[in-house]
Amino acid sequence: MADCTMIEGAGDAEVAAWLHRQLRGIMADAEGPVTITVPGGSTPFPIMERLVTMPLAWDRLVVWPGDDRAVPEDHPASNTGRIRSLFEPAGAEVVTLTIMEQVPPFALAWLGMGGDGHVASLFPAGDPQVDDEAPIRRITPDPLPPEAPFDRITLTLPSLLTAGQIMFVIRGDEKRAVFEAARKGENDLPVARLLGAATQEITCFA
């Protein structure tokens, strides 16, 4: 299991500033496009809104959603549509997640986590594996969340683990407790499987 740096009490502005520094450093060290994956849900978008106002070589950035609901991009539940509306005006490329895509290694994987320990749309009932042969899967969540009763498409654990570095933003004491238990190997939830297999740097804002 990789070491995980915990950063306490960081607000959206601090997380956005950290991301900006990481992306600038990655771009300085690499030539050509830089590819990252980002989450959906309520927590990330205020951070993204701040991030895209910062100066960066945005035309070098390729952004992959970590997962999405199986809905059109103009649907209110679409992560991809919201991500596209923020990053494309800044100049970045946003990829539509489909099972036909060839998944590249990511420079950075930004992840969230549900209270049940799921990451991306890899839920406990789906038994996601770190040696999954598929880079992307279409799944039906079990149970199906009533607030988003849709099939999902998601990067798998091996795809997320290609990242040069991983970051989490975890909000709330209950989620923090689940994450801490996963860090210590006290559960076998999807987040614990990812943390247990990770060898790269991990930063968690909690």
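Residues numbered from 1 in each chain as written. Predicted model: local features only at pLDDT ≥ 70, side-chain atom pairs only at ≥ 80, totals over all residues. Heavy atoms only, no water.

(A) Layout of the sheet that holds strand E4 (residues 67-69). Spatially, E4-E8-E7 is the arrangement adopted by the 3 strands of the open sheet, whose pairing is antiparallel. Sheet topology places E4 and strand E7 (136-139) at the edges, where each strand pairs with a single neighbour. Ignoring strand direction, the axes of neighbouring strands in this sheet form an average angle of 15 degrees. (Pairing = 2+ DSSP bridges. Helix = DSSP H or I, 4+ residues; strand = E, 2+ residues; numbered from the N terminus. Axes fitted to C-alpha atoms, helices over the stretch in contact; angles between N-to-C directions.)

(B) Looking closely at the pattern of salt bridges. Under the criterion given, the structure shown has 10 salt bridges. Between Arg84 and Glu88 there is a salt bridge, with the nearest N and O atoms lying 2.7 Å from each other. Here the residue Arg84 and the residue Glu88 both occupy positions in helix H3 (residues 79-90), the gap between them amounting to 4 residues, near one helical turn. Judged by relative accessible area, which is 35%, Glu88 ranks as partly exposed. In this structure, the salt-bridge partner of Asp132 is Arg137, at a minimum N-O distance of 2.7 Å. Note on Asp132: relative accessible area 18%, which makes it buried. A relative accessible area of 40% places Arg137 in the partly exposed class. The network of salt bridges with shared partners includes Glu8, Arg176, Glu180 and Arg183. (Salt bridge = Lys/Arg side-chain N within 4 Å of Asp/Glu carboxyl O. Buried < 20%, exposed > 50% of the residue type's maximum accessible area, 1.4 Å probe, protein only.)

(C) Spotlight on the state of the cysteines. Applying the stated criterion across every chain yields a total of 0 disulfides. No disulfide involves Cys4; its sulfur sits 5.3 Å from the nearest other cysteine sulfur, which is in Cys204. Look at Cys204 and you get buried, because its relative accessible area is 0%. (Disulfide = S-S within 2.5 Å.)

(D) Inspection of the packing of helix H1 (residues 12-29) against helix H2 (residues 44-51) at higher detail. At a closest axis distance of 8 Å, the pairing of H1 and H2 adopts a crossing angle of 55 degrees. As the angle between them shows, H1 and H2 are arranged oblique. Helix-helix and strand crossings are classified by hand; for H1 and H2 the assignment is right-handed. Every residue of H2 that contacts H1 at Asp12, Ala13, Val15, Ala16, Leu19, His20 and Leu23 is listed here: Pro46, Ile47, Arg50 and Leu51. Of the residues assigned to the contact of H1 with H2, the class counts are 8 nonpolar, 1 polar and 2 charged. (Parallel < 35°, antiparallel > 145°, perpendicular 65-115°, else oblique. Left-handed = near helix turned anticlockwise from the far one by under 90°. Contact = heavy atoms within 4.5 Å. Nonpolar A, V, L, I, M, F, W, Y, C, P; charged D, E, K, R; others polar.)

(E) Representation of the packing of aromatic side chains within the structure. Overall, the coordinates contain 4 aromatic pairs when judged by the stated rule. Between Trp18 and Phe205 the ring centres are 5.3 Å apart and the planes differ by 75 degrees, which places this aromatic pair in the edge-to-face class. In this pair, Trp18 is assigned in helix H1 and Phe205 in strand E10 (residues 201-205), connecting sequence segments 187 residues apart. With 5.8 Å between their ring centres and 75 degrees between their planes, Trp64 and Phe106 make a pair best called edge-to-face. With Trp64 in strand E3 (residues 61-65) and Phe106 in the loop between strand E5 (93-94) and strand E6 (108-111), this pair connects stretches of sequence that are 42 residues apart. Exposure class is identical for Trp64 and Phe106. Each is buried. (Phe/Tyr/Trp six-rings, centres within 6.5 Å; stacked < 30°, edge-to-face > 60°.)

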